[in-house]
Amino acid sequence: MTTTASPKPADAPATLGLTSEQRAFFDENGYLILPDALSADEAAALLGESQTMLRDFSIADHPMTKFSTGEKEDHVGDDYFLDSGDKIRFFFEEVDAFNEAGELTKPKERAINKIGHYLHHLSPPFRSISLSAKNAAIAKALGFHDPRVLQSMVICKQPEIGGRVPPHQDSPFLYTNPPSAVGFWYALEDCTVNNGCLSFAKGTHKTSPVKQRFVRMAEGGTGFVDNNDGAQFPPDIQAPDVTTDIQSDVEYTMGEVKAGTLVLIHGNVLHKSEKNLSGKSRFIYTFHVIEGQKKYDERNWLQPPEQGFSKLEA
Ligand code: FE2
């Protein structure tokens, strides 16, 4: 009896999701760089859309522009931030965007640090890139059963004033019990050591517990609380004997990438980026995915919109 030969690998459709080597790299290092995830046209379209939003938004009623004295007006900006989970809002660079008189030091489109946090739902071009079959396949390859996109941002990293992001993990900001967050991070422009590319402390997702969570405080605003009653590692990671914390003197590997690259970032891995002192911007688009089957913390700064977090499905 004869059997029909299986199709040769060369005839198989292009791989959706991740190869076993890519999954192994992510498991070992806590991040994965996937060049050419976006075509040049797609990256340029998202960059153009970001620039259009920066040009068109009104600062007349933006809370940061209401600071008329040097005194801090508590919680004005907090509400603007806390209510942004189902909106598209604009956040200025914390340092250097304003002078001592509270005036912008740059045109508004060169002073915004971040646009967030519901681009993946409200902006058609960002939505189609985010909630794609390709990304659903990647999430599946990472082990997600019910992947949910819960926030999205354009990080502008403006020329000359784009702020440094100190070493941190992402899971404290998007805590599920146990931790499940993974960042999908797209370079919309080339990211280099000069304009503040990411760098990663390889393997620290296996040694860095989620010791704190970023939550809504009872007295208003946000803050960090100790994570005493929740898991500090995802279930597939065994808690180590010796842990690495954010202040540790660990080595960081530069993640210079070309526009169109997708970087996957484990929620426990330590990563950072330096200030952009160059004359070139560093626009990126990122969204985060959590496991819908895990318990989402009701104290998290970001709470689900009425319709729930966006399903990432093929
Ligand atoms: Fe991060």
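Fair warning: this is a prediction, and the values are worked out from it, not measured in the lab.

What counts and what doesn't
Throughout this description, residue numbers start from 1 for each chain and increase along the sequence as written. In view of the model being predicted, local features appear only for residues whose pLDDT reaches at least 70, and side-chain atom pairs are presented and counted only at 80 or more, with totals across whole chains, interfaces and linings using the full set of residues. Side-chain measures were taken over the full set of non-hydrogen atoms in the model, leaving aside hydrogen atoms and water. Pairing between strands is defined by DSSP: at least two bridges between the two strands are required. Numbering of helices and strands runs from the N terminus; a helix is a DSSP stretch of H or I covering at least four residues, while a strand is a stretch of E covering at least two. With axes taken as lines fitted to C-alpha atoms, and helix axes fitted only over the stretch in contact, angles between N-to-C directions fall between 0 and 180 degrees. Exposed residues in this analysis have more than 50% of their type's maximum accessible area, buried residues have under 20%, and partly exposed residues fall in between, with area computed by a 1.4 Å probe over protein chains only. Residue contacts follow a heavy-atom distance rule, with two residues in contact if any of their heavy atoms lie within 4.5 Å. Put simply, a nonpolar core is a bunch of buried Ala, Val, Leu, Ile, Met, Phe, Trp, Tyr and Cys residues held in one set by side-chain atoms that sit within 4.5 Å of each other. In summary, the pairing rule links any two rings of Phe, Tyr or Trp, Trp by its six-membered ring, whose centres are within 6.5 Å, and it sorts them by plane angle into stacked for under 30 degrees, edge-to-face for over 60 and tilted for everything else. Pairs of cysteine sulfur atoms within 2.5 Å are what we label disulfides. A carboxyl oxygen of Asp or Glu within 4 Å of a side-chain nitrogen of Lys or Arg is what we treat as a salt bridge.

Peer 1: A description of the sheet that holds strand 5 (residues 165-168) should follow, citing residues and the corresponding values.
Peer 2: One open sheet accounts for four strands, arranged 5-13-8-11; its pairing is antiparallel. The open sheet is flanked by strand 5 and strand 11 (253-255), the only strands paired with a single partner. Put simply, the sheet's adjacent strands are angled 25° from each other on average, direction ignored. Of the pairings in the sheet, the one linking strand 8 (residues 198-200) to strand 11 comprises three bridges and is antiparallel in character. Residue pairing in the sheet places Ser 199 in a bridge with Met 254 of strand 11.

Peer 1: So what's going on with the pairing of strand 12 (residues 262-266)? Residues and values would help.
Peer 2: Counting buried positions along strand 12 yields five of five residues, so the element is predominantly enclosed. Burial along strand 12 is two-sided: the face carrying Leu 262, Leu 264 and His 266 and the face carrying Val 263 and Ile 265 are both buried. Sheet topology places strand 1 (residues 31-34) next to strand 12; four bridges connect them, and they run antiparallel. Note on strand 12: the bridge partner recorded for Leu 34 is Leu 262. In the sheet, strand 7 (residues 182-187) pairs with strand 12 via five bridges, with the strands oriented antiparallel. Looking at strand 12, one finds that Gly 183 is bridged to Ile 265.

Peer 1: Outline the environment of Ser 310, listing residues and values.
Peer 2: With respect to the element layout, Ser 310 can be found in strand 16 (residues 310-311). What makes Ser 310 buried here is its relative accessible area of 11%. Separated by 101 residues in sequence, Ser 310 and Pro 209 place their C-alpha atoms 27 Å apart. Not counting residues up to four positions away in its chain, the partners in contact with Ser 310 are Tyr 118, His 120, His 121, Leu 131, Pro 147, Arg 148 and Val 149.

Peer 1: Can you tell me about the nonpolar core, naming the residues and giving the values?
Peer 2: It is characteristic of soluble globular proteins that their nonpolar side chains tend to be buried jointly. Residues Tyr 186 and Leu 264 are the most contacted members of the largest nonpolar core, which totals 53 residues. A per-element tally of this core places helix 2 (residues 40-56) first, with five residues. Those residues in contact with Tyr 186 that sit more than four places away from it in its chain are Ala 37, Leu 38, Ile 129, Asn 135, Thr 261, Leu 262, Ile 284, Tyr 285 and Phe 287. One finds Cys 191, Ile 265, Val 269 and Ile 284 within the second-largest nonpolar core, a separate group that totals 14 residues.

Peer 1: If you had to explain the packing of aromatic side chains to someone new, which residues and values would you point to?
Peer 2: In total, this model carries 16 aromatic pairs according to the counting rule given. Judged by centre distance (5.2 Å) and plane angle (50°), the ring pair of Phe 173 and Phe 214 falls under tilted. Highlighted residues: Phe 173 in the loop between strand 5 and strand 6 (176-177) and Phe 214 in strand 9 (residues 212-216), separated in sequence by 41 residues. Taking the relative accessible area as the measure of exposure, Phe 173 reaches 26% and is therefore partly exposed. With relative accessibility at 12%, the residue Phe 214 sits in the buried group.

Peer 1: Give me the state of the cysteines: which residues, what numbers.
Peer 2: Scanning the entire structure with this criterion turns up zero disulfides. Here Cys 156 stays unpaired: no disulfide links it, and the sulfur of Cys 191, its closest cysteine neighbor, is 12 Å away. Between Cys 197, a free cysteine, and Cys 191, which holds the nearest cysteine sulfur, the sulfur-to-sulfur gap is 7.2 Å. Classification of Cys 197 as buried rests on a relative accessible area of 3%.

Peer 1: Quick one: what's the story with the pattern of salt bridges, residue by residue and with numbers?
Peer 2: On inspection of all chains with the given rule, the structure shows 15 salt bridges. One salt bridge in this structure joins Asp 56 and Arg 55, with 3.2 Å as the shortest N-O distance. Lys 295 is paired through a salt bridge with Glu 298; the nearest N and O atoms lie 2.7 Å apart. The class of Glu 298 is exposed, set by a relative accessible area of 52%. Put simply, Arg 213, Asp 229, Asp 297 and Arg 299 are held in one network by salt bridges that share partners.

In short, geometric facts, not functional conclusions.
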